[in-house]
Amino acid sequence: MSTAPDAPSAQDERTPEIGRARLRREDERALTGRTRWTDDMTLPGMLHLSVLRSPVAHASITELDTTEAARAPGVVGVWTGEDLPEQGAMPTAWTVSDDMRTPPYFPLSVGSVKHVGDIVAVVAATSKEAADDALELIDVDYDELPVVVDPMVAKQEGSPLVHPDLGTNVCATWGLDSVTLGTGGDAAAAIREAESDPDQVVVRRTLRQNRVTPAYIEPRSIVVDPTAEQVTMWSATQVPHIVRILMAMTQPIEEHELRVVAPDVGGGFGGKLQFTREEALVLLIARRLRLPCKYTESRSESMQSSHHARDQVQELTLAARRDGTITALDVDLTADMGAYLGILTAGIPLLGGFMFNGIYRIPAYSFHCTDVFTNKTMTDAYRGAGKPEATFGIERMMDELAVELDLDPIEVRRRNWIRPEEFPYATVAGLTYDSGNYDRATDKALAMFGYDELRAEQRRRREAQDPVQLGIGVCTFVELSGLAPSRVLGGLNYGSGGWEHSTIRMLPTGKVEVVAGTTSHGQGHATAFSQIVSDELGIPFEDIVLISGDTASAHKGMDTYGSRSLVVGGMAIVGAARKVVEKARPIAAHMLEASTDDLEFVGGKFSVKGTTSGVTIQEIMLSTWLAHDLPDGLEPNLDADYTFDPENFSYPTGTHLAAVEVDTQTGRVTVRDYVCVQDVGVLVNPMIVDGQVHGGLTQGIAQALYEEIQYSDEGQLTSGTLADYLVPAAPDVLRYRTDTTVTEATTNVLGVKAVGETGATAAPPAIVNGVLDALRPLGVTDITMPCTPSKVWTAIDDARRANKGQVTA
Amino acid sequence: MARITVTVDGMRFTHEVEPRTLLVHYLRETVGRTGTVVGCDSSNCGACTVLVDGESIKSCSVLAVQADGAEIETVEGLAAGDGTLHPVQQAFHEHHGLQCGYCTPGMLMRSVCLVRENPEPTEDEVREGLKGNMCRCTGYQGIVSAVMAYSQAARDEEVGR
């Protein structure tokens, strides 16, 4: 910004808010217990709902008698699917192929159940206890049907059918090919050629993505008040705007009749990105009874019925020359949908299809995906949604290639990655990465980590046959974040746009309300967005407040998922703020008796270039409110709306390094050190960025070492509580060492990239690569996640037995 | 129904409660203190942790009738009457020890007890001391830093007194 030397007052003397680790304004309410979670709400006359869930994975319902339950103390009503003819089918928003099969999915099941936890009846009573008690009086006869839980079995001919009417368990097939895209060569041909070329290698592996669940700590809760002119729903959701429109599109209520509010929401991670059956049920019952109703799930219900994630089988083929240069990649993916389709279920593996190529120059690529139904809870988005799965696939394969060619895992990556001068870079999967510098982050990470020293220690331990072996895990990644360009999403048959909206309301006393279409559930929007607006308008941080999460006040938006709040929503806020400045400019010119061309706006103040006199935007706001003396024809209002539809996704990158110790006598894996250097562009609030990275890393490490949703062959959920499903606690993880490099995004005016999903994306392959690096000398070549002690010990034991067998043979 | 009298954050309450009522539900629904929250049904998550006669306990794991006569401290009683944050709250604020805030009430109450039991904890002891409280957002790094800082602040206050 150029300023004449004789006009010092025009210089922005404020410390910029962007880049400042400002403590969060959200904290005080949470620290003092003055938050308002949905389950905290009590309304006059409010009834409590409980739902009866199927104890079996697949059955026809031959008898469903609610007579006794309806007579129980405190019970106001009991409904089955047949008692609710007005219920509409639950929607899916992503039709990934023309032949995609969408099975019937109603708030209350009709006639059959498809997984443990499927809903068969709902009770309304005067207390939660009375409603729960009445569930036990509902008489259900289940005629059990054959069950299928393994997606590889499910896709075979003759396996039990989850939805017999569909005649198959295949939901959809979808593919991507560099020949069709015009982005590269024929992967199948390149792999065939490599197989017969002594100067090339072909690496084939089958990798599994364990089924996990977002496991937000606040259980889902819904309260519906049907007594006002607009029916109001409070819900612990990430997506109030999406819930409102999907409710209106599928259930008997019009959009203008419904207001949806996401009050304080306790975690999400994609788990609260859903229009749920429970939300529909509370609305339907509250409207029938004309009384407020509440439903709050228990943790066990959450584990059974809020969506799960990942659960893929990846059959990967990578061809490369002996110098390490990749020549082709083929991915054959089988993705478990569970029994039904949620909002994004079928689209999650598709998102991964664009990212299996990672940060590498790959000349030929083919991707084929089969989405399969099983008798399990549906899968959907979880921190990263498709991209962690893809990153795991390619980053595991890069290590396998390194082993095959006896190259250092960093070196084999370096030989393939996109060079800084090649950006913007059109990938083989058809995306355009805007910016990146992989060497810079990697070099910094290697130095922080002490890579060479650790390799030396690893050699010493191997030579000494130390029972505790050291492994070094590497992951260099790129994320596709900020779900976004509406045009692109349209091309993928995604059922909505990807824009984001903001309104900036200028209050007469000089204060500002920022209205955002995204909603926060821990990401610190109120702080970060206020920092952005403070810099844009030159208004003190303290004079700004955020309004979001209520369709009545934040009336337009696409909500929060896919790391889009800053890179999409933040740009809508910037756009609105800049419109405010432009609306204020002619008024400033009028007040200063100057031409608009002679004005500059710096530090919240309009002044005539080269002079010290000026008027602040806060003063202009008051004059606009008075409206006593405005230029002719100007609206007395500085408020502005902006809808931002980005031209591209956001591509954060980074390098993660894990030092893991594996006790070969017990199978226990301990992460000794974890270093990551990420490039997320310009940092708005470094403290919040660190927090997002730490949380993501912990979830990623947890997927690698601890967490797995498990079903028995009969489809019984055997990890149904937090006692069996191991969410890590403080002693299970370590102090991470994180840093950043800054390569500005070129696709938005602030140069910011997304951050929330990066840790969960990069950590699983870093950890698993580390575990295998520790154990390869013992002959261990693969371990599926989570790398639990028993699984690791068994892998070591199997390898030892196999080696012994070879020796004696 | 059973008649109980408890002190919650310095205020005395007498209520008739069903014998099966858990302390956490009594606090939330009868006393109306919703700062203490429920995260699970297996006493694993720790979100409902309160102090009962100075001991941190998971209020989903005791019955309200068992608390008869007890002095209960919840997150809503931590800050001073004028709104000044308790040192543990201040430390969580300064060290980014919370994101969504749902686990925070339990974390704070557990941390108060932890530092009272072990005024000079190592980082490992803090982590071990928090093992019954789950946080899904922070990865615990901010929380552990906050508890270390709080223990230092508590020691400084002792010395200064």
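All values reported here derive from a predicted model rather than from experimental measurement.

About the thresholds
Residues numbered from 1 in each chain as written. Chains lettered and ligands numbered in written order. Predicted model: local features only at pLDDT ≥ 70, side-chain atom pairs only at ≥ 80, totals over all residues. Heavy atoms only, no water. Helix = DSSP H or I, 4+ residues; strand = E, 2+ residues; numbered from the N terminus. Rg over C-alpha atoms; globule rule 2.2 N^0.38 Å. Contact = heavy atoms within 4.5 Å. Areas by Shrake-Rupley, 256 points an atom, 1.4 Å probe, with all protein chains shown as cover. Pairing = 2+ DSSP bridges. Axes fitted to C-alpha atoms, helices over the stretch in contact; angles between N-to-C directions. Left-handed = near helix turned anticlockwise from the far one by under 90°. Buried area = accessible area lost by both parts, 1.4 Å probe. Salt bridge = Lys/Arg side-chain N within 4 Å of Asp/Glu carboxyl O. Polar contact = N/O pair within 3.5 Å; in protein donor to acceptor, adjacent residues only side chain to side chain. Nonpolar A, V, L, I, M, F, W, Y, C, P; charged D, E, K, R; others polar. pLDDT = per-residue confidence, 0-100. Core = buried A, V, L, I, M, F, W, Y, C linked by side-chain atoms within 4.5 Å. Buried < 20%, exposed > 50% of the residue type's maximum accessible area, 1.4 Å probe, protein only. Phe/Tyr/Trp six-rings, centres within 6.5 Å; stacked < 30°, edge-to-face > 60°. Expected span 1.5 Å × (residues − 1).

Asks: Explain the overall build of chain B here, please?
Replies: Looking only at helices and strands, chain B features 5 helices and 5 strands. What you see in chain B, going N to C, is helices and strands ordered as β-β-α-β-β-β-α-α-α-α. Its C-alpha atoms give chain B a radius of gyration of 16 Å, near enough to 15 Å, the size a compact globule of 161 residues would have. Across its three principal directions, the C-alpha atoms of chain B cover 45 × 35 × 25 Å. Taking the contacts inside chain B whose residues are at least 6 apart along the sequence as the reference set, 57% of them involve residues at least 24 apart. Accessible surface, chain B: about 6400 Å² in total, of which carbon and sulfur atoms supply 48%.

Asks: How should I be thinking about the sheet that holds strand S20 (residues 512–516) of chain A in this particular structure?
Replies: Two pairing modes exist for strands in a sheet, parallel and antiparallel, and in both the strands are linked by backbone hydrogen bonds. Residue and element names in this part refer to chain A. Strands sit in the order S21-S20-S19-S25 across an open sheet of 4 strands; the sheet is mixed. Of all the strands in the sheet, just strand S21 (544–547) and strand S25 (640–644) have a single pairing partner and so form its edges. Averaged over neighbouring strand pairs, the angle between their axes works out to 20° when direction is ignored. As judged from the 5 bridges shared by strand S19 (residues 500–506) and S25, these two strands associate in the antiparallel manner. Bridging across to S25, His 501 finds its partner in Thr 643. Sitting on the sheet, helix H16 (residues 525–537) is in contact with S19, S20 and S21, with an inclination near 130° to S21.

Asks: Teacher, can you tell me more about the packing of H16(A) against helix H17 (residues 565–592) of chain A here?
Replies: Two numbers describe a pair of packed helices, the interaxial angle and the distance between the axes. Residues and elements named next belong to chain A. Look at H16 against H17: their axes get within 10 Å of each other, and the N-to-C directions meet at 35°. Like other packed secondary-structure pairs, H16 and H17 cross with a definite hand, here right-handed. Judged by residue contacts, His 525, Phe 529, Ile 532, Val 533, Glu 536 and Leu 537 of H16 engage Ser 565, Leu 566, Gly 570, Ile 573, Val 574, Ala 577, Arg 578, Val 580 and Val 581 from H17.

Asks: Explain the environment of Gly471(A) to me, please; I cannot follow it from the model alone.
Replies: With respect to the helices and strands, the residue Gly471(A) is situated in strand S18 (residues 468–478). A sequence separation of 303 residues divides Gly471(A) from Ala774(A), and the C-alpha atoms of the two residues are 3.8 Å apart.

Asks: Hey, could you run me through the pairing of strand S2 (residues 59–65) of chain A in this one?
Replies: Walk down a regular strand and you will see the side chains alternate between the two sheet faces. Residue and element names in this part refer to chain A. Relative to strand S4 (residues 112–113), S2 runs antiparallel, the two sharing 2 bridges. From the neighbouring strand, Ser 60 faces S4, where its bridge partner is Ser 112. Across 6 bridges, the pairing between S2 and strand S6 (residues 139–144) is antiparallel. Among the inter-strand pairings, Leu 64 is bridged to a residue of S6, identified as Val 140.

Asks: Looking at this model, I keep getting lost on the interface of chain B and chain A. Mind explaining?
Replies: Interfaces are often sized by the accessible area lost when the parts come together. Tallying the contact residues gives 43 residues for chain B and 51 residues for chain A. Here chain B packs against chain A, burying approximately 4100 Å² in sum over the two surfaces, 55% of which is carbon and sulfur. The interface formed by chain B and chain A holds 5 salt bridges in total. One can count 25 residue pairs in polar contact (both at pLDDT 80 or more) joining chain B with chain A. Among the secondary structure elements, those contributing two or more residues to the side of chain B that touches chain A are helix H2 (87–94), helix H3 (104–117), helix H4 (123–129) and helix H5 (141–160) of chain B. Among the elements that make up the side of chain B that touches chain A, the one with the highest residue count is H2(B) (4 residues). Considered class by class, the residues forming the side of chain B that touches chain A number 17 nonpolar, 16 polar and 10 charged.

Asks: Any chance you could explain the confidence of the model for chain A here in plain terms?
Replies: As a general rule, the predicted coordinates of low-pLDDT regions are not to be interpreted in detail. Here chain A shows a mean pLDDT of 96. Residues at 70 or above account for 98%. Ignoring residues within four places in sequence, the model shows residues 1–11 of chain A, a span with pLDDT below 50, making 14 contacts including any to other chains.

Asks: What should I look at first to understand the nonpolar core in this one?
Replies: Burial of nonpolar side chains together is a common tendency in soluble globular proteins. In this structure, Tyr674(A), Ile767(A), Phe92(B) and Tyr140(B) are the most contacted members of the largest nonpolar core, which totals 199 residues. Broken down by element, this core gets its largest block of residues, 9 residues, from helix H20 (residues 758–775) of chain A. Once residues within four sequence positions are removed from consideration, Phe92(B) is found in contact with Leu31(A), Gly97(B), Leu98(B), Met107(B), Leu108(B), Ser111(B), Ile143(B), Ala146(B) and Val147(B). Core analysis: the second largest hydrophobic core is formed by 46 residues, Val514(A), Ala572(A), Val574(A) and Ile587(A) among them.

Asks: What is the right way to read the sheet that holds S4(A) from this model?
Replies: The strand order across the open sheet built from 3 strands is S4-S2-S6 (chain A), with neighbouring strands paired in antiparallel fashion. Unpaired on one side and paired on the other, S4 and S6 of chain A mark the two borders of the sheet.

Asks: It is not clear to me how the packing of aromatic side chains should be interpreted in this structure. Could you clarify?
Replies: Two aromatic rings, taken as a pair, are described by how far apart their centres are and by the angle between their planes. Tallying each qualifying case throughout the model produces 11 aromatic pairs over all chains. Seen in terms of ring centroids, Trp37(A) and Tyr102(B) are 4.8 Å apart; in terms of plane orientation they differ by 80°. Their pairing is edge-to-face. Of this pair, Trp37(A) sits in the loop between helix H1 (27–31) and strand S1 (47–53) while Tyr102(B) sits in the loop between H2 and H3, each in a different chain. Given a relative accessible area of 2%, Trp37(A) falls into the buried group. For Tyr102(B), a relative accessible area of 4% gives the class buried.

Asks: Just to check I follow, could you spell out helix H11 (residues 387–405) of chain A for this structure?
Replies: An α-helical turn contains 3.6 residues, so any two residues separated by three or four positions project in the same direction. Along its 19 residues, H11(A) runs 27 Å from first to last C-alpha, staying within 8% of the 27 Å computed at 1.5 Å per residue. Once H11(A) finishes, Asp406(A) follows within two positions and takes phi at roughly 55°, a positive value.

Asks: Please explain the confidence of the model for chain B as it appears in this structure.
Replies: For chain B, per-residue confidence averages 97 on the pLDDT scale, and residues scoring 70 or more make up 99% of the total. Across the interface, the model reports ipTM at 0.97; the global pTM reads 0.96.

Asks: Can you walk me through the pattern of salt bridges in this structure?
Replies: Pairing is possible between side chains that carry opposite charge, provided their charged atoms lie close to one another. Residues and elements named next belong to chain A. Taken as a whole and assessed by the stated rule, the structure comprises 61 salt bridges over all chains. Between Glu 757 and Lys 387 there is a salt bridge whose closest N-O contact spans 3.8 Å. Taken together, the residues Glu 757 in the loop between strand S28 (737–741) and H20 and Lys 387 in helix H11 connect sequence positions 370 residues apart.

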